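Structural description and commentary
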Amino acid sequence: MKFDYRFQRKIKVFKRYRRIIEVLVKYGFGEILGRMNVAARLKIGKRKLLQGTADLASKSYAERIRLAMEELGPTFIKLGQVLSTRPFLIPVELVVELSKLQDEVAPFEFEIVREIVEKELEAPISEIFDSLEEKPVASASLSQVHVGILKDGRKVAVKVQRANVKELIDVDMVILRDLAELLERFVPESRRFDPTGQIDELAKVSRRECDFLYEARNMDIFTLNYADDPMVKIPEVYWDYTTKKVLVAEYVEGIKISAIEKLKEAGLDLKVISRRGLRIIMKMIFEDRFFHGDPHPGNVFVMKNGRIILLDFGMVGHLSQSVVDFLTDLLFSASTWDARKILKTVLEFDLVPEDYDQLGLESELTELLYRYHKIPLGQIDMKSLLIDAMDIFYRYQIRLPGAFMLLTKAMITAEEVARELDPEINLIEEVEPYVKGLASKRFQFSVFKKDFMGVLSDLRDLITSLPFDLKRITQKIRKGDMEVQFRHRGLDDLTNEMFESSKRISLALIIAAILVSASLLRHAQLGLKIFGFPVLSLLGYLLGGALTIWLVINILRSPRNR
Ligand SMILES: Nc1ncnc2c1ncn2[C@@H]1O[C@H](COP(=O)(O)OP(=O)(O)O)[C@@H](O)[C@H]1O
Ligand SMILES: [Mg+2]
């Protein structure tokens, strides 16, 4: 039995593999498949790979990739969508083309819907629903949505996953993984796109999107995050009727956010809606660090009272605090029009390949900033700015953190939606308060204290590892492993200088420790007190203060400063 199943699956994979190759050949990718030795693997004639279809000449390679993906169905559409969130990894023209991928397909029959719902919810439809509309409100490659009414009268949206879509995706993943490996092996220049890495990432995203429980959990988290905001609505999940393949949620009536005329008819102020939409996105990114990865118009609706409805949480992104820090630093340096600062930020976060061309990168960044510098804030188009920036990052192989890419795409989408509503809106202006707020927050005492402790522990690590590092370096030098070019410029001075500065650093550390202990003691309120201040703490402050003054004088009087 088991063998039989495996055999069947192998045949399935084989058939599908051939179909995929056929489509790729049809869109003119035979040559590269030839280089990848695919013909041998599938036992087909090599000549077959060279029969492209005639009308390809007028189409760019990017367009041909998109068309092939659309023809190959859900896995490939998802692949395209995932790749289009990787603007730093693939060329800009491909990103633009892939973001056009259509995900609307003919709906599947209601009989199949019935079958799936009844199997998943383990009860006949008539027992759960008062009514369930046969015509779906939307149908995509992964699922479709039907409106219904539960027995208790609640109106619901029922999202049903297509039959066998998970199996198809699993088969496709096996094939794609194989193709990616072949590509890496036989077409070395592909390696910089990290094909297998992309496919593994895709497998992760698709597996999640095929699991409606994951989506439902995300809805619950977003509901919590927006519990205090009366202007945001996220449909309630009805967990009793939700499984991996069926998601039943509260039906929320709204106007599609891109239906401008309808919004106007409802008497809504487009400017207000636009601003509100962007504010929601900013909060997701900068405050919650948990954001909707795909805020396109099909997923954002507006209620009659102006409340904004968010739907479809299959693709979400988490940002670590350091990614948000990176983002704020980046935006902050961009807002001061300082290319060197941007470069510094990128270097600080360790995203640049080792042998990068610093001069080239810096001058391109400067040029980019100048291109936008004279444009009034209100007219800067975030999308083209980001695309231009991406292009530079792509060419200099700057690796940005994973979630950052989904984030960029989400921001571009959000800006487009907002701008449809209010052509004068400006994402940069909306971002500004957050960037400023976060930047100034970092200078608040509590945060400073935390950072300061961080610095102390970094220093401790540095000091403890220094002897070891030095030893390793000297060993390397002795073995001749290391080439160092010395230009002798008074090494004695250097040694003296190092001795002096290490003295100062140690002193600064001691002062810092004294001041921190004094503060801790003050809070602890231990021992004898004068005017409510613990004496020990007071002494600490005095000693710390005196030493600081001495250190400052010493630094100011050092020969360098004269
Ligand atoms: N809770 C809901 N209330 C009202 N309409 C909904 C609801 N959920 C989904 N829809 C409708 O179904 C469409 C597709 O739902 P969505 O969750 O975005 O699925 P997909 O992942 O296929 O894009 C939405 O654009 C919206 O029109
Ligand atoms: Mg959707």
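The structure contained in this document is the topic of the report that follows. (Residues numbered from 1 in each chain as written. Chains lettered and ligands numbered in written order. Predicted model: local features only at pLDDT ≥ 70, side-chain atom pairs only at ≥ 80, totals over all residues. Heavy atoms only, no water.)

1. Some remarks on the overall build of the chain
When helices and strands are counted, the chain shows 22 helices and 13 strands. Buried positions account for 42% of the 562 residues belonging to the chain. Long-range pairs, those at least 24 residues apart, make up 68% of the contacts in the chain between residues at least 6 apart in sequence. Looking at the chain as shown, the accessible area adds up to about 32300 Å², and 57% of this sits on carbon and sulfur atoms. (Helix = DSSP H or I, 4+ residues; strand = E, 2+ residues; numbered from the N terminus. Buried < 20%, exposed > 50% of the residue type's maximum accessible area, 1.4 Å probe, protein only. Contact = heavy atoms within 4.5 Å. Areas by Shrake-Rupley, 256 points an atom, 1.4 Å probe, with all protein chains shown as cover.)

2. Digging into helix α4 (residues 61-72)
Along an α-helix, a turn takes 3.6 residues, which lines up residues three or four apart on a common side. Along its 12 residues, α4 runs 17 Å from first to last C-alpha, staying within 8% of the 16 Å computed at 1.5 Å per residue. Considered for burial, the residues of α4 that qualify are A62, R64, R66, A68, M69 and L72. Looking one or two places after α4, you find G73, whose phi comes out positive at around 90 degrees. (Expected span 1.5 Å × (residues − 1).)

3. Looking at the nonpolar core
In terms of nonpolar packing, the biggest core is built from 79 residues, with I285, L310, V346 and I398 touching the most fellow members. The biggest single contributor to this core is helix α18 (residues 402-421), with 11 residues. If we ignore the near neighbours within four places in the chain, the residues touching V346 are F326, L330, L351, V352, F393 and I398. Counting residues in each nonpolar core, the second largest holds 46 residues, with Y27, F29, I175 and I199 among its members. (Core = buried A, V, L, I, M, F, W, Y, C linked by side-chain atoms within 4.5 Å.)

4. Re the coordination of the magnesium ion (ligand 2)
Around the magnesium ion (ligand 2), the protein supplies N299 (OD1) and D312 (OD) as donor atoms, at distances of 2.1 to 2.2 Å. One end of the pair, N299, is in the loop between β8 (290-292) and β9 (300-302); the other, D312, is in the loop between β10 (308-310) and β11 (316-318), with 13 residues separating them in the sequence. (Donors = N, O, S within 2.8 Å, 3.2 Å for Na, K, Ca; no water.)

5. Quick word on the site of ligand 1
K159, E250, G298, N299 and D312 are the nearest of the 16 residues found near ligand 1. A distance of 2.9 Å separates an oxygen atom of ligand 1 from a polar side-chain atom of N299. Surface burial for ligand 1 is 81%, taken as the share of its 550 Å² of free accessible area covered by protein chains. When residues of the shell around ligand 1 are traced back to their parent elements, those giving at least two are β3 (143-150) and β4 (155-161). (Near = heavy atom within 4 Å. Polar contact = N/O pair within 3.5 Å; in protein donor to acceptor, adjacent residues only side chain to side chain.)

6. Details of the pattern of salt bridges
For the coordinates displayed, the defined rule picks out 30 salt bridges. Residue R16 is joined to D172 by a salt bridge in which the shortest nitrogen-to-oxygen separation is 2.6 Å. One end of the pair, R16, is in helix α1 (residues 2-26); the other, D172, is in helix α9 (residues 165-186), and 156 residues separate them in sequence. Here K151 makes a salt bridge to D130, at a shortest N to O gap of 3.5 Å. One end of the pair, K151, is in the loop between β3 and β4; the other, D130, is in strand β1 (residues 129-132), with 21 residues separating them in the sequence. The exposed category is assigned to D130, whose relative accessible area is 51%. When salt bridges that share partners are traced, they join R19, E22, K26 and E71 into one network. (Salt bridge = Lys/Arg side-chain N within 4 Å of Asp/Glu carboxyl O.)

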